[in-house]
Amino acid sequence: MDSVVNRRKPVIPVIRASDRSQNIQQVSAQSLELTKVIRLLEDPLTANLKERHLFVLKKLLKRSHVGFLLKELTGIAKILNICAEKVKDHPEYVSILNEALKICRLPFLKEKASDEATYAQDVIEFLSHMGCLMRVSDAAVRQQIVESVKSFYSSVAPKQQPDGLQSTSPGYRLQLLELSDLAQTLLLSMATLQNQPAIKLQLLQTLQILSGSSDMNCALILNAHGAETICLHMNEPDPSGQVLFCSSEILWNLLERGRKDEVTAQLSSMECVVSLKEAFFHLLMNGFQHADLQLRNDLLVITTLIAENPNSLLIESLFAKQLMGLVTFPELKTQNPLVRNLKLSYSNEDLKMKKLLLNLLVLMSKDFSALQLYKEEQVMLALLLLVKPLAASSERRSGLRHWSSVQQEELQLQALATLATIAPLMLDNYMSCQGNACLLLLLDWCIGQDAFFGQGHGFHGAGGRGSKKAQMRHCIRVLRSVTSSGEESINQDLCDQGTINQLLGVLMQMEASPDEEDDITLEIKSDIQLILSALCEADMHRKELFGSEGVEMTLHFLRKGSDRFYSGLGHNKLLLSTVDCVWSCVVGCYTTEDFFLVREGVSLLLDLLTWSPRCVHGIVLATLLELCDNANTPSHILSWRDDGGQTAPRLLLQLWRREEEELGVGRNQHGEITDPQKPILSHHQQENTQPPLPANRASAAVLEISENLRSKIYSIFCKLGFQELPGLSTKDYVTLSIVRRYLDFKVGEVWDEISRELSVDGVRPVSPDQESLSTICKMAEDTAKKVTAEQSSFLERQEKENVSEEQLMYTELKSHWKQLELTAKSWNNYVSKTSNYEILKEVKAERKKHIESSRPKEKLEAAAAHPEENFMGQVLAVEPAGAQGPAGVKVTLARAAIRAAGPDHVEPATQDPEYFSTVSVKD
């Protein structure tokens, strides 16, 4: 039969043409030969010709030693599958598989550039079939498979290729590998490698490469439950000691590149948790090299990620209980056999393990059973021991290995951060361990002047280099978390230890510090104020302890906060906490309230209301409203003026208008009510078409009261009154008329909402109730109409005043222009008299004429009977003449004409004086 096959062997003719044409003919012949090889292997007549098969396959592989053609991959995959089936009975085919897999390491070949796209699906199927060859039990074949896959990610230099053929691009196989089932198939083959540890290690290394290079490979591995499979096999016997390391790296790759929630869900099963526990404690007790310690910490990180899954079985598997023994070691002595003989090297890796264990406490604290476990293992006591003030290096015990000062600082900060989370959940245990006393001692140490300088290492040590600021920050955080829980016993214990005065002292000491404020300093100040608010809110005696010193503190920050509200460092939070401190620590105690009012605290709140954003208005208005219960407050509010002279009522009415504008309430350009049926209804309420709410839930009309500022502004006006408010304009009075009726409108709105809900539910009230409901709604509408009429009267009155003022202004303008005209005419006449002598004579003649015409004739005749006589009048000047005696004096006299006149004689008003010549006086 072999001779028959030899006789039928195709003869390739030699064609005398160019080399390229010859290669194309050879490729065609190769394709034809590949088909015949498959027929030879599958034909029942030739299926048992093993020697012939081997001869032909070796010849085929020798011809393809430079790489497989893309278009031949389908046939090559079929041949390899046939050989894999024959290996079970004929091990001689193993060499064929090994040789073929070695060729698979080389890049595939293409005849044309378009072959990569044309045969992409063939390549995907070939790679999938390649992974299926892992079913062959021969170790050499499996080794060749994993080494071939690993070679895809290394730069293998292609051999010299025949003319007319090219290698595929470097990333071609990797892109198509992600679309194949190769990664899944390799993962599933792990179950068959229990007796081949060397191959298993190589397979894990291959999966590590696959998972670390592609997100799609990670998704394929996870779809095959890869995380669970890897975890379950990582504790199997391993002479090399590398299986656990590779398994950990694969899990890390899956967490980083895959879906984290899916990975943790697969690892949360009881079997996986137990496997992780065994691996971790094996490394804890037997690992001493640096790589072993790193691997131990990696497994602990994976455990913390599992702890975030609420369905994890860390507690049920007793893994958590054993880890709690490590949390309290070496701070507490224990009889736990797992840690009794444990010796830490106090290296950085041990420090990382300790910090990871503290972080694990936070993650597991969401589970109530974990809190019970914390109590049993005395976790709270261990944490409080860690947060003790750090001892100076001279006070540290010598001769014993311990944490260094830098390491102890990091653990102290980590323990404080942990306490901030779990202390509010374990208040009884916290009090039994005297947690308040420990924290107050730490706070005293933080403000002390000893020679400690923080290193600022680690996440929690930010901003604390060279100081104790980081310790103070986290200490205050813990106190804030326990006081905000509202447990009265804890707050009372703090007050009994003088916490209020201590915190006020710390706050003012920080404020007096010359250091520049940063975000951490502002956070500490804000947290201290929140602690004071929590302590004093519901206790009158504590507000008295807050006293004038606390009021001065709030006034200081109210004055200061406005300058850098938008700095981005946290001044806005500090200002809000200051207002909250006023509300909780000042309001309600008459002594602190009166001192706050005397120190112009209300003016500062109104100043804050003027420039602050809307988010601050609610708490400021609420504080002002609470202060209005004091009888002295309204006068302080009414006497306030801003820089522009604006009064508090006008400011409140402006806020009311802005609020209604944001709510979309119907108003015209003058602020009048546009729809009497919806006088204060917001746009959101009008569009809200949700079904009626249950009876135990507040409706939209009621919720609206707490969601905006109108109810607070109305309540403040109720304290101030609605009459004789200073500094209001007509527009303000229009708005004030709505504010005055706000409660009536709100009552009508609620009843209208009830009516609509009854209509939607198909409920018809009985006739008397229906009549009452209609009457109430009608009254609300009538009230709105009355307010509208009142607003119109305000506007009409303003219009009349405007017209009257306009007329008065025009009258003043007319009078002014008339005066200007007369002044100009008078000036022109004066200029003409002084510049033209003829005009002057005419004016004088005309004046005399008028004078003469105005005199009676009898008086003129009487005056004529008495001629004029000249008399000496006033001495005008005296000058020396140089001679002795009276002859040496030169005197100038004025002569006045005196005539006899009748009893009604009137002297002319324009008589010019007439002067004598200068005369000399002699003896």
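About the criteria used
Residues numbered from 1 in each chain as written. Predicted model: local features only at pLDDT ≥ 70, side-chain atom pairs only at ≥ 80, totals over all residues. Heavy atoms only, no water. Helix = DSSP H or I, 4+ residues; strand = E, 2+ residues; numbered from the N terminus. Buried < 20%, exposed > 50% of the residue type's maximum accessible area, 1.4 Å probe, protein only. Contact = heavy atoms within 4.5 Å. Areas by Shrake-Rupley, 256 points an atom, 1.4 Å probe, with all protein chains shown as cover. Salt bridge = Lys/Arg side-chain N within 4 Å of Asp/Glu carboxyl O. Phe/Tyr/Trp six-rings, centres within 6.5 Å; stacked < 30°, edge-to-face > 60°. Lys NZ or Arg CZ within 6 Å of the ring centre and 35° of its normal. Patch = residues over 30% accessible without salt bridge, like charges linked within 9 Å, V, L, I, M, F, W, Y side chains within 5 Å. Core = buried A, V, L, I, M, F, W, Y, C linked by side-chain atoms within 4.5 Å. Expected span 1.5 Å × (residues − 1). Polar contact = N/O pair within 3.5 Å; in protein donor to acceptor, adjacent residues only side chain to side chain. Axes fitted to C-alpha atoms, helices over the stretch in contact; angles between N-to-C directions. Parallel < 35°, antiparallel > 145°, perpendicular 65-115°, else oblique. Left-handed = near helix turned anticlockwise from the far one by under 90°. Nonpolar A, V, L, I, M, F, W, Y, C, P; charged D, E, K, R; others polar. pLDDT = per-residue confidence, 0-100. Disulfide = S-S within 2.5 Å.

Engineer: Talk me through the overall build of the protein chain; I want residue IDs and the actual numbers.
Structural biologist: Along the protein chain, the regular secondary structure elements total 44 helices and six strands. Within the protein chain, the fraction of its 923 residues that count as buried is 44%. Sequence-distant contacts in the protein chain: of pairs separated by 6 or more residues, those separated by 24 or more amount to 75%. On the protein chain, roughly 48500 Å² of surface is accessible, and the fraction owed to carbon and sulfur atoms is 53%.

Engineer: Residues and numbers for the pattern of salt bridges, please.
Structural biologist: Under the criterion given, the structure shown has 42 salt bridges. Across the pair arginine 477 and glutamate 523 runs a salt bridge, and its minimum N-O distance is 2.8 Å. Linking arginine 477 in helix α26 (residues 469-483) with glutamate 523 in helix α29 (residues 519-536), this pair joins segments that are 46 residues apart in sequence. A single salt-bridge network, built from bridges that share partners, covers Glu660, Arg667, Glu704, Arg710, Lys746 and Glu749.

Engineer: Which residues make up the packing of aromatic side chains, and what are the values?
Structural biologist: Taken as a whole and assessed by the stated rule, the structure comprises 10 aromatic pairs. An angle of 85 degrees between the planes, with centres 5.5 Å apart, marks the rings of tryptophan 656 and tyrosine 742 as edge-to-face. Of this pair, tryptophan 656 sits in helix α36 (residues 648-663) while tyrosine 742 sits in helix α41 (residues 742-760), placing them 86 residues apart in sequence. Its relative accessible area of 0% is what places tryptophan 656 among the buried residues. Residue class for tyrosine 742 comes out buried when judged on its relative accessible area of 4%. An aromatic cluster of at least three residues, connected via ring pairs, comprises Phe280, Phe281 and Phe319. Between the NZ or CZ atom of arginine 173 and the centre of the ring of phenylalanine 108, over which it lies, the distance is 5.3 Å. The ring of tryptophan 445 carries lysine 468 above its face, with NZ or CZ at 4.6 Å from the centroid.

Engineer: Please give an account of a nonpolar patch on the surface that cites residues and values.
Structural biologist: Taken together, the side chains of Met809, Tyr810, Leu813, Trp817 and Leu820 make up a nonpolar region of the molecular surface, amounting to roughly 530 Å² of accessible area. Within the secondary structure, tryptophan 817 is located in helix α42 (residues 767-835).

Engineer: Explain the nonpolar core to me, and be specific about the residues and the numbers.
Structural biologist: Of all hydrophobic cores here, the largest spans 222 residues; its most connected members are Leu207, Leu323 and Leu532. The element that contributes the greatest number of residues to this core is helix α20 (residues 348-364), accounting for nine residues. With near-sequence residues (within four places) excluded, leucine 532 lies in contact with Ile500, Leu503, Leu504, Phe546, Met553, Cys581 and Cys585.

Engineer: How would you summarise the environment of threonine 74 if you had to cite specific residues and measurements?
Structural biologist: Take threonine 74: it is sitting in helix α4 (residues 73-86). Measuring from C-alpha to C-alpha, the distance between threonine 74 and aspartate 122 comes to 6.0 Å, with 48 residues separating the pair along the chain.

Engineer: Break down helix α3 (residues 50-63) for me, with residues and values.
Structural biologist: Taking 1.5 Å per residue as the helical rise, α3 with its 14 residues ought to reach 20 Å, and the 20 Å between its terminal C-alpha atoms agrees with that figure. Of all the residues in α3, the buried ones are Arg52, His53, Leu54, Val56, Leu57, Leu60 and Leu61.

Engineer: Explain helix α43 (residues 837-854) residue by residue, including any values.
Structural biologist: Given 3.6 residues per helical turn, the α-helix brings residues three or four places apart onto the same face. Taking 1.5 Å as the rise per residue, α43 with 18 residues should run 26 Å; its terminal C-alpha atoms sit 26 Å apart, in good agreement. The opening residue of α43 is asparagine 836, an N-cap whose side-chain oxygen sits 3.2 Å from the backbone nitrogen of glutamate 838.

Engineer: Any chance you could break down the environment of glutamate 660 for me, citing the residues and the numbers?
Structural biologist: With respect to the element layout, glutamate 660 can be found in helix α36. The buried category is assigned to glutamate 660, whose relative accessible area is 5%. It is 10.0 Å that separates the C-alpha atoms of glutamate 660 and glycine 671, two residues lying 11 residues apart in sequence. Beyond its immediate chain neighbours, meaning those up to four positions away, glutamate 660 contacts Val665, Arg667, Arg710 and Ile738.

Engineer: Got a sec to walk through the environment of isoleucine 528? Specific residues and values, please.
Structural biologist: By the element assignment, isoleucine 528 lies in helix α29. Linking isoleucine 528 and isoleucine 500, residues 28 residues apart in sequence, is a C-alpha distance of 9.6 Å.

Engineer: Before we move on, can you summarise the side chain of lysine 468 with the specific residues and values?
Structural biologist: In this fold, lysine 468 is placed in the loop between α25 (435-446) and α26. Relative accessible area serves as the criterion here: at 6%, lysine 468 is assigned to the buried category. At 2.8 Å, the side chain of lysine 468 forms a polar contact with the backbone oxygen of tryptophan 445.

Engineer: With reference to specific residues and values, describe the packing of helix α11 (residues 197-213) against helix α14 (residues 243-257).
Structural biologist: Between α11 and α14, whose axes approach to 9 Å, the crossing angle comes to 20 degrees. Relative to α14, the element α11 lies roughly parallel. Seen from above, α11 lies across α14 with left-handed handedness. Where α11 approaches α14, its residues Lys200, Leu201, Leu204, Gln205, Leu207, Gln208, Ser211, Gly212 and Ser213 are matched on the opposing element by Val243, Cys246, Ser247, Glu249, Ile250, Asn253, Leu254 and Arg257. In the contact of α11 with α14, the residues fall into seven nonpolar, seven polar and three charged.

Engineer: If you had to explain the packing of helix α17 (residues 290-307) against α20 to someone new, which residues and values would you point to?
Structural biologist: Contact pair α17 / α20: the axes reach a minimum separation of 10 Å and the direction vectors enclose 5 degrees. Classified by the angle their axes make, α17 and α20 are roughly parallel. Along the contact surface, α17 presents His290, Leu293, Gln294, Arg296, Asn297, Leu300, Val301, Thr303, Thr304 and Ala307, while α20 presents Glu349, Asp350, Lys352, Met353, Leu356, Leu357, Leu360, Leu363 and Met364. Considered class by class, the residues forming the contact of α17 with α20 number 10 nonpolar, five polar and four charged.

Engineer: Talk me through unusual backbone geometry; I want residue IDs and the actual numbers.
Structural biologist: Note the cis peptide between phenylalanine 329 and proline 330, where omega equals 5 degrees. Locating proline 330 in the fold gives a position in the loop between α18 (319-327) and α19 (337-340). Here glutamine 378, not a glycine, exhibits a phi torsion of approximately 55 degrees, which is positive. Note on placement: glutamine 378 falls in the loop between α21 (368-376) and α22 (379-386).

Engineer: A description of the confidence of the model for the protein chain should follow, citing residues and the corresponding values.
Structural biologist: For the protein chain, the average pLDDT comes to 83, and 84% of its residues sit at 70 or higher. Here helix α1 (residues 2-7) stands out as the element of the protein chain with the lowest mean pLDDT, 35, in contrast to helix α24 (residues 427-432), whose mean of 95 is the highest. The low-confidence segment residues 898-923 (pLDDT under 50) makes 35 contacts with residues lying over four places distant or belonging to another chain.

Engineer: An account of the state of the cysteines is requested, with residue identities and associated values reported.
Structural biologist: Scanning all chains against the criterion turns up zero disulfides. Cysteine cysteine 446 remains unbridged, with the sulfur of cysteine 475 as its closest cysteine sulfur at 5.6 Å. Taking relative accessible area as the criterion, cysteine 446 reaches 7% and is therefore assigned buried. You can call cysteine 475 buried: its relative accessible area is 0%.

Engineer: Provide a residue-level description of the side chain of asparagine 630, including the pertinent values.
Structural biologist: Along the chain, asparagine 630 turns up in the loop between α34 (614-627) and α35 (633-638). The exposure class assigned to asparagine 630 is buried, which follows from its relative accessible area of 4%. Within the structure, asparagine 630 has its side chain in polar contact with the backbone nitrogen of asparagine 632 (distance 3.0 Å).

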